[in-house]
2 protein chains.
Amino acid sequence: MSQMTQIFDRLREEILSLGLAPGEKLTERGLETRFTMSRTPVRAALLRLEGEGLVHRAGRNWVVAPLDLGEIVAIAEFRLPLETTAVRLACARRVEADLNAIADMLEACRPTAPREEWHRLGTEFHVAIAKLSGNALITKALAEAMVRLHRVRWLEVSDEASRERAWNEHHEILTLIRKRDAAAAEAAIAAHINETRNRLLAALQDDRERFRAHGFKIIGAD
Amino acid sequence: MSQMTQIFDRLREEILSLGLAPGEKLTERGLETRFTMSRTPVRAALLRLEGEGLVHRAGRNWVVAPLDLGEIVAIAEFRLPLETTAVRLACARRVEADLNAIADMLEACRPTAPREEWHRLGTEFHVAIAKLSGNALITKALAEAMVRLHRVRWLEVSDEASRERAWNEHHEILTLIRKRDAAAAEAAIAAHINETRNRLLAALQDDRERFRAHGFKIIGAD
DNA sequence: TATCCCAATTTGGTATCCCAATCAAGCGCC
DNA sequence: GGCGCTTGATTGGGATACCAAATTGGGATA
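Computed from a predicted model, the values in this text were never measured in an experiment.

**Re the protein's contact with DNA strand D**
Not every one of the 20 residues close to DNA strand D is listed here, only the nearest: Gln 3, Ser 38 and Thr 40 of chain A together with Arg 29 and Arg 60 of chain B. The sugar and phosphate moieties of DNA strand D supply 51% of its atoms located within 4 Å of the protein. Between DNA strand D and Arg 29 of chain B there is a distance of 2.8 Å, counted from a base oxygen to a side-chain nitrogen or oxygen. At 3.0 Å from a base oxygen of DNA strand D is found a side-chain nitrogen or oxygen belonging to Arg 39 of chain B. Secondary structure elements with two or more residues in the surface near DNA strand D: α1 (3-16) and α3 (39-51) of chain A together with β1 (25-26), α2 (28-35) and α3 (39-51) of chain B.

**Thoughts on the sheet that holds strand β1 (residues 25-26) of chain A**
Residues and elements named next belong to chain A. Strand order in the open sheet formed by three strands is β1-β3-β2, and the pairing between neighbours is antiparallel. Taken across any chain shown, the strands that pair with only one partner, and hence form the sheet edges, are β1 and β2 (55-58). Sheet topology note: the β2/strand β3 (residues 61-64) ladder contains four bridges and is antiparallel. Counterpart to Val 55 in the pairing with β3 is Val 64.

**A short note on the packing of helix α4 (residues 71-93) of chain A against helix α6 (residues 115-132) of chain A**
Residue and element names in this part refer to chain A. Following both chains from N to C, one finds α4 and α6 inclined at 55 degrees, their axes separated by 7 Å at the closest point. In terms of orientation, α4 lies oblique with respect to α6. Every pair of crossing elements has a handedness; the one defined by α4 and α6 is left-handed. Taking contact as the criterion, the partners of Arg 79, Glu 83, Ala 86, Val 87, Leu 89, Ala 90 and Arg 93 in α4 are, on α6, His 126, Ile 129, Ala 130 and Leu 132. Of the residues assigned to the contact of α4 with α6, the class counts are seven nonpolar, one polar and three charged.

**Examining the relation of the copies chain A and chain B**
There are two copies of the chain, and a rotation about an axis plus a shift along that axis relates them. Between chain A and chain B, the superposition needs a rotation of 180 degrees and an axial shift of 0.0 Å, giving an RMSD of 0.1 Å. With respect to symmetry, the two chain copies, as superposed, fit the operation of a two-fold axis. Ranked by how close their C-alpha atoms come to the rotation axis, the residues of chain A are headed by Pro 81 of chain A, at 2.6 Å. Same-surface contact between copies: 100% of interface residues of chain A are shared with the interface of chain B.

**A closer look at the interface of chain A and chain B**
Counting from both sides, the interface comprises 19 residues of chain A and, opposite them, 19 residues of chain B. Three residues, Glu 77, Phe 78 and Leu 137 of chain A, lead the burial of chain A against chain B; their summed loss comes to 34% of the area buried on that side. At the surface where chain A touches chain B, the tally comes to two salt bridges. The salt bridge involving Glu 77 of chain B is made with Arg 93 of chain A; its shortest N-O contact spans 2.3 Å. Scanning the region where chain A abuts chain B turns up six residue pairs in polar contact (both at pLDDT 80 or more). When contributions to the side of chain A that touches chain B are tallied by element, the ones reaching two or more residues are α3, α4 and α7 (136-155) of chain A.

What counts and what doesn't
Residues numbered from 1 in each chain as written. Chains lettered and ligands numbered in written order. Predicted model: local features only at pLDDT ≥ 70, side-chain atom pairs only at ≥ 80, totals over all residues. Heavy atoms only, no water. Near = heavy atom within 4 Å. Polar contact = N/O pair within 3.5 Å; in protein donor to acceptor, adjacent residues only side chain to side chain. Helix = DSSP H or I, 4+ residues; strand = E, 2+ residues; numbered from the N terminus. Pairing = 2+ DSSP bridges. Axes fitted to C-alpha atoms, helices over the stretch in contact; angles between N-to-C directions. Parallel < 35°, antiparallel > 145°, perpendicular 65-115°, else oblique. Left-handed = near helix turned anticlockwise from the far one by under 90°. Contact = heavy atoms within 4.5 Å. Nonpolar A, V, L, I, M, F, W, Y, C, P; charged D, E, K, R; others polar. Least-squares fit on C-alpha atoms with pLDDT ≥ 70 in both. Buried area = accessible area lost by both parts, 1.4 Å probe. Salt bridge = Lys/Arg side-chain N within 4 Å of Asp/Glu carboxyl O.

Below, the structure written as structure tokens:
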């Protein structure tokens, strides 16, 4: 594995887990020292992270992308048509073995799972469903949208009741795809996306000052 | 403007105009010589182009992304839900001045316009409509999809009748958005996308060998 | 205390070099 | 003629040095 890939993976993970705070300044020479590598792979990694929207240029500085709470609504608007299309295509194109793999994924991560696992499932499930559509563009676009939502979702403290509900909704969507019931699957995924949107908006509505106290740069939803 | 940006812009343009053939190998040192700049900005530019899907790694080489005719269908599947959502939101959120700007764009590029201008309008119109939605994710996703389709569309030799039809369809979509007739606008954009898909598939069906004679690497749709 | 100026430091952009892995061409053998 | 091996060339990954522009902090002055 190249140095660039190591740095990229590490930084990506820290950004998504909020270990690197939104708005935090990064410098090539700082990272060079931190990773004990030269600037060349650091820069290549930063360029790739920039391409993923995880870091930006602010003047001549690199900064971790701020948290944009305003994106919660925009992402739901984006996901709704894409994911309903994805499940409709999935009903037509799904392969039994892939369905079983997703079912295994769900069984391996019940609502009582550790927080990080639970969080990861929330993304992986949706991307796996999109893959069933057989459309790489839809899959990629959705994966990118879920990455954008990753940090915001991490800030939400989900209780057991909402986890149960989410898990059951995931399970129901998968079942409907297995039964090739496209209309019901579309309705189920749409409801799930809207539920996610509303839950996030409610949960984060009053916590903005708390996040800022962590040094997070928050924009949007003012 | 930095050297990296100059190289990036130049290469991007040549790839999209098929001046750099799909599948063509690029080397850092070759580009260094060609642009009379050091490898550092060349490498940065290549990384950015990679992020846009315009170049790939093949083993240790950089190559211009092949032409994937199989994407014609996938892109239409992707655009359909996105653009219908975009026009529906546009009906609600559009601003008069933006509508007029798009109308001016259409007037400035009639079906008799030079090929390059006509080609550019085909992309810019759709991105401008998506912008009316006020959803940056949808706009960006669509812009990227149009870039993917750019080279394929360039290969099509459009006749005057099909240009007239396309121009009228664009005009009709804009008018429906202006009138806030969401249902009709969605139907019109859907029909337009499907028409584009069918037209491209038909036009390119028998021309694959001709393109390969140009040294283009063609994949998909076999 | 506030403001301004200056020098030092920082930072990204670029150039150049070194290294290891891969590839291509040529040669020899069957 | 074909195949395998060797050697030299090519290529990207990484390291380091230089440069110019921007930023920061400290000192002086009002």
